[in-house]
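# Close look at the chain arrangement
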Amino acid sequence: MSAVSFDHVSRHFGEVKAVDGVSLDIPEGEFFAMLGPSGSGKTTCLRLIAGFERPTSGRISIFGEQVADLPPYKRHVNTVFQDYALFPHLNVIDNVAYGLMIAGQGRKARHAAAEQALEMVRLGGYGTRKPSELSGGQRQRVALARALVNKPRVLLLDEPLGALDLKLREQMQEELKGLQRQLGITFVFVTHDQGEALSMADRVAVFNEGRIIQVGAPEDIYFRPEVPFVADFVGSSNVLPAPLVARLTGTESPAAIRPERVRLAGEGPLKAVVTGLSFLGLSTRVTLDVEGTRMTALLPQDAARPTVGETVALAWAEGDLHLMRGGA
Amino acid sequence: MSAATDTLTARDGVSTRLSDTLWRRPKLLLVLLLLPPVLWLGIIYLGSLFALLLQSFFSIDHFSGLINYEFTLRTYAELFTPANFDIIVRTVTMAACTTLASAVIAFPIACYAARFAKGRWRAVFYLGIMMPLWSSYLVKIYAWKLILAKEGILTWALEGLHLNWLLDAYLALPVVGGNSLSVSTTGTFIVFVYVWMPFMILPIQAALERVPVSMLEASGDLGARPGQTFRHVLFPLALPGIVAGSIFTFSLTLGDYIIPQIIGTSRLFIGQAVYQHQGIAGNIPLAAAFAVVPIVIMGVYLYIAKRMGAFDAL
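Residues numbered from 1 in each chain as written. Chains lettered and ligands numbered in written order. Predicted model: local features only at pLDDT ≥ 70, side-chain atom pairs only at ≥ 80, totals over all residues. Heavy atoms only, no water.

### Here we look at the overall build of chain A
- Secondary structure summary: chain A contains 10 helices and 18 strands in total.
- Overall, chain A is about 75 × 45 × 35 Å in size when its C-alpha atoms are taken along their principal axes.
- For chain A, the proportion of contacts with a sequence separation of at least 24, taken over those separated by at least 6, is 64%.
- A total of about 14,800 Å² of accessible surface is found on chain A, and carbon and sulfur atoms cover 49% of it.
- In chain A, which carries 35 positive and 37 negative side-chain charges, the distance between the mean positions of the two groups comes to 6 Å. (Helix = DSSP H or I, 4+ residues; strand = E, 2+ residues; numbered from the N terminus. Contact = heavy atoms within 4.5 Å. Areas by Shrake-Rupley, 256 points an atom, 1.4 Å probe, with all protein chains shown as cover. Lys, Arg positive; Asp, Glu negative; His and termini not counted. Charge placed at Lys NZ, Arg CZ, Asp CG, Glu CD.)

### Describing the overall build of chain B
- Scanning chain B from terminus to terminus reveals 15 helices and two strands.
- Relative to a compact globule of 314 residues, whose C-alpha radius of gyration would be 20 Å, chain B shows 27 Å and is clearly more extended.
- For chain B, the spread of C-alpha atoms along the principal axes amounts to about 100 × 70 × 40 Å.
- Burial analysis of chain B (314 residues in total) assigns 37% to the buried set.
- Across chain B, the centroid of the 20 positively charged side chains sits 7 Å from that of the 15 negatively charged ones. (Rg over C-alpha atoms; globule rule 2.2 N^0.38 Å. Buried < 20%, exposed > 50% of the residue type's maximum accessible area, 1.4 Å probe, protein only.)

### Quick word on the packing of helix H6 (residues 119–134) of chain B against helix H10 (residues 185–209) of chain B
Residue and element names in this part refer to chain B.
- H10 packs onto H6 with a crossing angle of 145 degrees between their chain directions and a minimal axis gap of 8 Å. Of the two elements, H6 crosses H10, and the hand of that crossing is left-handed. Contacts between H6 and H10 involve Arg 122, Phe 125, Tyr 126, Ile 129, Met 130, Pro 132 and Leu 133 from the first element and Tyr 194, Pro 198, Phe 199, Ile 201, Leu 202, Gln 205 and Glu 209 from the second.
- Looking at the contact of H6 with H10 residue by residue, the classes come out as 11 nonpolar, one polar and two charged. (Axes fitted to C-alpha atoms, helices over the stretch in contact; angles between N-to-C directions. Left-handed = near helix turned anticlockwise from the far one by under 90°. Nonpolar A, V, L, I, M, F, W, Y, C, P; charged D, E, K, R; others polar.)

### Structural notes on the interface of chain A and chain B
- Contacts between chain A and chain B engage 22 residues on the former and 21 residues on the latter.
- Taken together, chain A and chain B are joined by one salt bridge.
- For B:Glu217, the salt bridge is made with A:Arg47, and the minimal N-O distance between the two is 2.6 Å.
- Only helix H1 (42–50), strand S6 (77–80) and helix H3 (98–102) of chain A provide two or more residues apiece to the side of chain A that touches chain B.
- With four residues, the single largest contributor to the side of chain A that touches chain B is H3(A).
- Within the side of chain A that touches chain B, the residues separate by chemical class into 13 nonpolar, five polar and four charged. (Salt bridge = Lys/Arg side-chain N within 4 Å of Asp/Glu carboxyl O.)

### With respect to the pairing of strand S14 (residues 270–279) of chain A
Residue and element names in this part refer to chain A.
- Of the pairings in the sheet, the one linking S14 to strand S17 (residues 311–315) comprises four bridges and is antiparallel in character. When the sheet's bridge partners are listed, Lys 271 is paired in S17 with Ala 313.
- Strand direction decides the pairing type here: S14 and strand S15 (residues 283–290), joined by six bridges, are antiparallel. Each residue of the ladder has a partner; that of Val 273, found in S15, is Asp 289.
- Connecting S14 to the next strand, S15, in antiparallel fashion are three residues, including Gly 281 with a positive phi near 100 degrees. (Pairing = 2+ DSSP bridges.)

### Here we look at the nonpolar core
- Counting 59 residues, the largest nonpolar core has A:Phe6, A:Met34, A:Val154, A:Val188 and B:Leu208 as the members making the most contacts within it.
- In this view, A:Met34 contacts A:Leu24, A:Lys42, A:Cys45, A:Ile49, A:Val188, A:Phe189, A:Val190, A:Thr191, A:Ala205 and A:Phe207; residues no more than four positions away in its chain are not counted.
- By size, the runner-up hydrophobic cluster in this structure holds 47 residues, among which are A:Val80, A:Tyr84, A:Ala97 and A:Leu118. (Core = buried A, V, L, I, M, F, W, Y, C linked by side-chain atoms within 4.5 Å.)

### Considering the packing of aromatic side chains
- For the structure on display, the rule yields 21 aromatic pairs over all chains.
- Consider the rings of B:Phe57 and B:Phe71, whose centres lie 5.1 Å apart with planes at 20 degrees: the pair is stacked. With a gap of 14 residues between them, B:Phe57 in the loop between helix H3 (26–55) and strand S1 (59–60) and B:Phe71 in the loop between strand S2 (67–68) and helix H4 (74–79) connect regions that are remote in the sequence.
- Exposure remark for B:Phe57: the relative accessible area of 22% places this residue in the partly exposed category.
- When the ring of B:Phe58 is compared with that of B:Tyr69, the centres are 5.2 Å apart and the planes differ by 75 degrees; the resulting orientation is edge-to-face. Residue B:Phe58 is found in the loop between H3 and S1, and its partner B:Tyr69 is found in the loop between S2 and H4; the two are separated by 11 residues along the sequence.
- Using a relative accessible area of 15% as the deciding quantity, one classes B:Phe58 as buried.
- Through successive ring pairs, a cluster of aromatic residues spans B:Tyr137, B:Phe192, B:Trp196, B:Phe199, B:Phe248 and B:Phe269.
- Positioned above the aromatic ring of A:Phe87 is the side chain of A:Arg146, whose terminal nitrogen or guanidinium carbon lies 4.8 Å from the ring centre.
- For A:Arg153, the ring lying beneath its charged end belongs to A:Phe63, and the centroid distance is 3.6 Å. (Phe/Tyr/Trp six-rings, centres within 6.5 Å; stacked < 30°, edge-to-face > 60°. Lys NZ or Arg CZ within 6 Å of the ring centre and 35° of its normal.)

### Points about the side chain of B:Thr188
Residue and element names in this part refer to chain B.
- Following the sequence through the fold, Thr 188 ends up in helix H10.
- According to the relative accessible area criterion, Thr 188 is buried, its value standing at 1%.
- At 3.2 Å, the side chain of Thr 188 forms a polar contact with the backbone oxygen of Ser 184. (Polar contact = N/O pair within 3.5 Å; in protein donor to acceptor, adjacent residues only side chain to side chain.)

### Focus: the pairing of strand S3 (residues 31–35) of chain A
All names here are of chain A.
- Of all five residues that make up S3, five are buried, and the element is covered over most of its length.
- What you see with S3 is no split at all: Phe 31, Ala 33 and Leu 35 on one side and Phe 32 and Met 34 on the other are buried throughout.
- Here S3 runs beside strand S8 (residues 186–191); their pairing, made up of five bridges, is parallel. From the neighbouring strand, Ala 33 faces S8, where its bridge partner is Phe 189.

### With respect to the domain arrangement of chain A
All names here are of chain A.
- Each assigned domain of chain A is listed with its residue range as follows: domain 1 (2–230) and domain 2 (233–323).
- For domain 1 and domain 2, the distance between their C-alpha centroids amounts to 38 Å.
- At the interface, 15 residues of domain 1 touch 11 residues of domain 2.
- Taken over both partners, the interface formed by domain 1 and domain 2 buries close to 1,100 Å², and the fraction arising from carbon and sulfur atoms is 67%.
- Of all residues in domain 1, Tyr 222, Phe 223 and Pro 228 give up the largest surface area on contact with domain 2, accounting jointly for 43% of the area buried on that side.
- Counting the contacts that link domain 1 with domain 2 gives zero salt bridges.
- Elements represented by at least two residues in the side of domain 1 that touches domain 2 include exactly helix H7 (194–200), helix H8 (218–223) and helix H9 (228–233).
- In terms of residue class, the side of domain 1 that touches domain 2 is made up of 11 nonpolar, three polar and one charged. (Domains from an automatic or database assignment. Buried area = accessible area lost by both parts, 1.4 Å probe.)

### A closer look at the sheet that holds strand S5 (residues 65–66) of chain A
Residue and element names in this part refer to chain A.
- Pairing is antiparallel across the open sheet formed by four strands, whose spatial order is S2-S1-S4-S5. The outermost strands of the open sheet, each flanked by one partner alone, are strand S2 (16–27) and S5.
- The strands touched by H1 are strand S1 (2–13), S2 and strand S4 (57–62); relative to S1, the strand with the most contacts, the crossing angle is about 115 degrees.

### What about helix H14 (residues 270–278) of chain B?
- By the burial criterion, the buried members of H14(B) are B:Ile270, B:Gly271, B:Gln272, B:Ala273, B:Val274 and B:His277.
- On its buried face, H14(B) is in contact with helix H5 (82–116), helix H12 (226–255), helix H13 (259–262) and helix H15 (284–307) of chain B.

### Looking at the packing of H5(B) against H12(B)
Residue and element names in this part refer to chain B.
- As a packed pair, H5 and H12 sit with axes 9 Å apart at the nearest point and diverge in direction by 135 degrees. As far as their axial angle goes, H12 and H5 are oblique. When you trace H5 past H12, the crossing you get is right-handed. Side by side, H5 and H12 meet where Thr 91, Val 92, Met 94, Ala 95, Ala 96, Thr 98, Thr 99, Ser 102, Ala 103, Phe 107 and Cys 111 of the first sit next to Phe 230, Leu 234, Ala 238, Ile 242, Ser 246, Thr 249, Phe 250, Thr 253 and Leu 254 of the second.
- Here the residues of the contact of H5 with H12 sort into 13 nonpolar, seven polar and no charged. (Parallel < 35°, antiparallel > 145°, perpendicular 65-115°, else oblique.)

In structure tokens:
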């Protein structure tokens with residue numbers, strides 16, 4: 001049975017179609033990422049699952065139960081908020097134990113459970129502090145413990161790592177992934193960071209303008225984008241326009257090719273002019289002009305470097321040029 | 001002389017030199033900036049309060065009417081005579097009731113303003129709250145006297161609705177009742193609540209505006225029904241605002257002497273007692289002792305509020 005299922009769900013705010021006919025199925029135990037630029041409807045989708053928004057039309061079910069008319073407090077899902085939303089007047093342990101207190105558990109039992117949850121996020125012994133005395137990363141863990149202590153069947157995470165610095169973010173990514181594997185809970189994770197989505201999720205849904213553009217495993221999204229938007233948004237692929245591709249392959253449709261798969265060769269199907277070089281450490285990024293279309297190639301450090309203004313030929317292995325549908 | 005020195009000396013006026021001096025000595029600037037407010041607060045404000053406090057430790061000679069400048073607690077003992085103590089109890093009870101009623105009425109209004117009012121409606125709200133503060137206090141009170149009087153609009157409206165038996169039944173009650181609303185304790189209460197209401201709404205609204213929506217959503221997400229969210233999250237977070245508002249309504253009611261004089265019974269409130277003792281009776285020490293009562297009550301009130309954690313969410 002799927003943990004979360006959307007059947008042609010729409011949420012309109014007046015004229016704005018925040019979510020526009022989305023259908024999706026998230027199987028139990030999956031780490032599912034919703035990826036998209038801001039305003040693409042991914043957060044609204046998450047809020048529809050949590051119950052903070054009600055769909056304008058369509059059906060939402062959680063473990064087979066229709067939830068469109070259920071208020072948030074009757075759903076077995078918990079949310080980690082983008083701003084953590086810790087209660088400032090309660091200390092850490094009472095924050096974590098809040099859900100259990102509402103459920104009517106005694107003080108001793110709920111504090112024991114909360115302490116255990118805090119240990120799970122490596123904050124054992126922090127119970128007596130106030131949220132204001134914690135760092136951003138620690139608050140994030142408290143928010144996680146506060147959600148997990150209720151043993152939700154689905155955990156919703158709304159850009160939980162957005163406010164952390166890079167190093168902490170990478171560390172938390174691994175921890176979240178580890179926790180999800182260990183607990184086996186379904187995670188629905190909203191992010192605008194493609195690297196985060198690709199590295200953590202079992203499956204990624206790419207959102208744009210209220211619709212799901214493509215759903216698939218990270219490798220599919222990365223190497224086999226179905227439309228130019230996905231190719232461009234997920235890790236900046238080169239998108240070749242349809243007429244150019246028609247000349248190369250005979251098929252009139254846009255195509256994507258990853259910068260790291262583009263080679264500069266003496267012989268090749270495409271001629272390009274080098275317009276810029278930037279040193280990135282592990283590789284060198286070469287910007288190219290192919291008959292007016294901008295392309296980039298990532299050259300390994302040991303490859304011969306062209307000079308700016310030079311005309312080079314581009315080559316790639318069979319299968320690296322990925323044909324897409326037109327349109328969005 | 002080099003050209004650089006020339007350009008430096010070129011702008012060497014008095015104000016430039018003064019700015020330079022102040023820039024080099026930031027402490028001097030601080031002292032100059034703080035001197036006027038410290039003088040005001042220290043001498044004029046706290047000084048007169050201290051003089052008042054001092055007066056309350058003197059006593060009056062009831063035969064000659066002269067003040068006896070010797071330290072005594074006799075004046076304070078006089079506060080506890082039944083007649084005077086009644087005044088204190090009456091005033092404190094009125095202040096407490098006014099504060100409670102203001103908080104109960106103000107909370108939903110503040111909630112609406114903080115959470116739901118947008119754009120034009122927000123402006124209408126502020127205008128509605130603030131406009132009564134712009135008009136004269138006395139005009140408002142006399143307007144209320146006309147509303148509440150026996151021949152007033154309220155009686156007229158109730159007669160039209162054939163409900164004046166309800167008003168008559170209420171006025172027949174002891175303590176809160178009277179000849180008409182305008183000469184009853186209830187009338188005093190209504191006008192107090194009306195006059196101090198903005199002072200309760202605005203701090204509560206400010207406190208509620210600082211509560212992010214996500215915090216209320218988080219509470220619901222963790223299983224709390226709206227009532228529980230109110231009790232465990234919204235109310236504790238609004239409490240500093242309620243306490244701030246209640247400081248206004250409570251202390252303003254404790255000190256007011258005009259409203260109970262115009263609307264209400266002939267029984268005195270602390271403010272009226274102070275007014276009469278220092279004016280007609282010339283008993284400055286007792287007036288001072290009466291004036292100390294609200295200060296002590298507010299001190300105790302704030303202490304209890306702090307102990308109960310009212311300021312934890314600040």
